[in-house]
Amino acid sequence: PTTIKMELPGITRPATFVLDQPAPYPAYATFATFAFTKISPNRELFTGPNSSGRVVVTRFDTLSRVASGTFEFTAREATGATTVRVTEGRFDCTF
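Values in this document were obtained by computation on a predicted structure and should not be read as measured data.

### As for the confidence of the model for the protein chain
Per-residue confidence for the protein chain gives a mean pLDDT of 86, with 88% of residues at or over 70. Put simply, strand β3 (residues 31–36) is where the protein chain has its lowest mean pLDDT, 78, and strand β5 (residues 53–61) is where it has its highest, 96.

### Observations concerning unusual backbone geometry
Even without glycine at this site, R65 takes up a positive phi of about 55°. Positive phi is not limited to glycine here, since E88 has a value of about 55°. With respect to the helices and strands, the residue E88 is situated in strand β7 (residues 83–94). The class of E88 is exposed, set by a relative accessible area of 78%.

### Thoughts on the nonpolar core
Counting 17 residues, the largest nonpolar core has F34, V55, V57 and F73 as the members making the most contacts within it. Those elements that provide at least two residues to this core are β3, β5, β6 (66–76) and β7. Ranked by residue count, the leading element in this core is β6, at four residues. When near neighbours in sequence (up to four residues on either side) are disregarded, F73 contacts I4, L19, A32, F34, T47, S52, G53, V84, R85 and V86.

Reading the values: the criteria
Every chain begins its residue count from 1, and numbering advances along the sequence as written. In keeping with the model being predicted, local features are shown solely for residues with a pLDDT of at least 70 and side-chain atom pairs are shown and tallied solely at 80 or more, while totals for entire chains, interfaces and linings include all residues. Here the side-chain values reflect all heavy atoms present in the structure, with hydrogen atoms and water set aside. pLDDT: the predictor's confidence for each residue, scored from 0 to 100. Elements are defined by DSSP. Helices are runs of H or I of four residues or more, strands are runs of E of two residues or more, and each kind is numbered from the N terminus. Classification of residues uses two cut-offs on accessible area relative to the type maximum, computed with a 1.4 Å probe and protein chains only: under 20% is buried, over 50% is exposed, and between them is partly exposed. Working definition of a nonpolar core: buried Ala, Val, Leu, Ile, Met, Phe, Trp, Tyr and Cys residues. They are joined through side-chain atoms within 4.5 Å. It only takes one pair of heavy atoms within 4.5 Å for two residues to be counted as in contact.

Following this line, the structure appears as structure tokens:
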């Protein structure tokens, strides 16, 4: 399957997060991963300084433990050979 993973460390309230930091390190970096796991070999593409995006958290409810928002980003393979553009993403999740 194809998966999208977003890392937003230290989130405490609704806000806009820019996905422009190197991934997956350092540990506090804000980034997104787009992974093709059905194609052999598995391939991971990341956001970073040369392929960025943003996540807009519109709801962050610590009592109900629900986060909601939208996202868009461009992810790139480490070699730079492949890019993927993700647009109009939306999420509602529990934490």
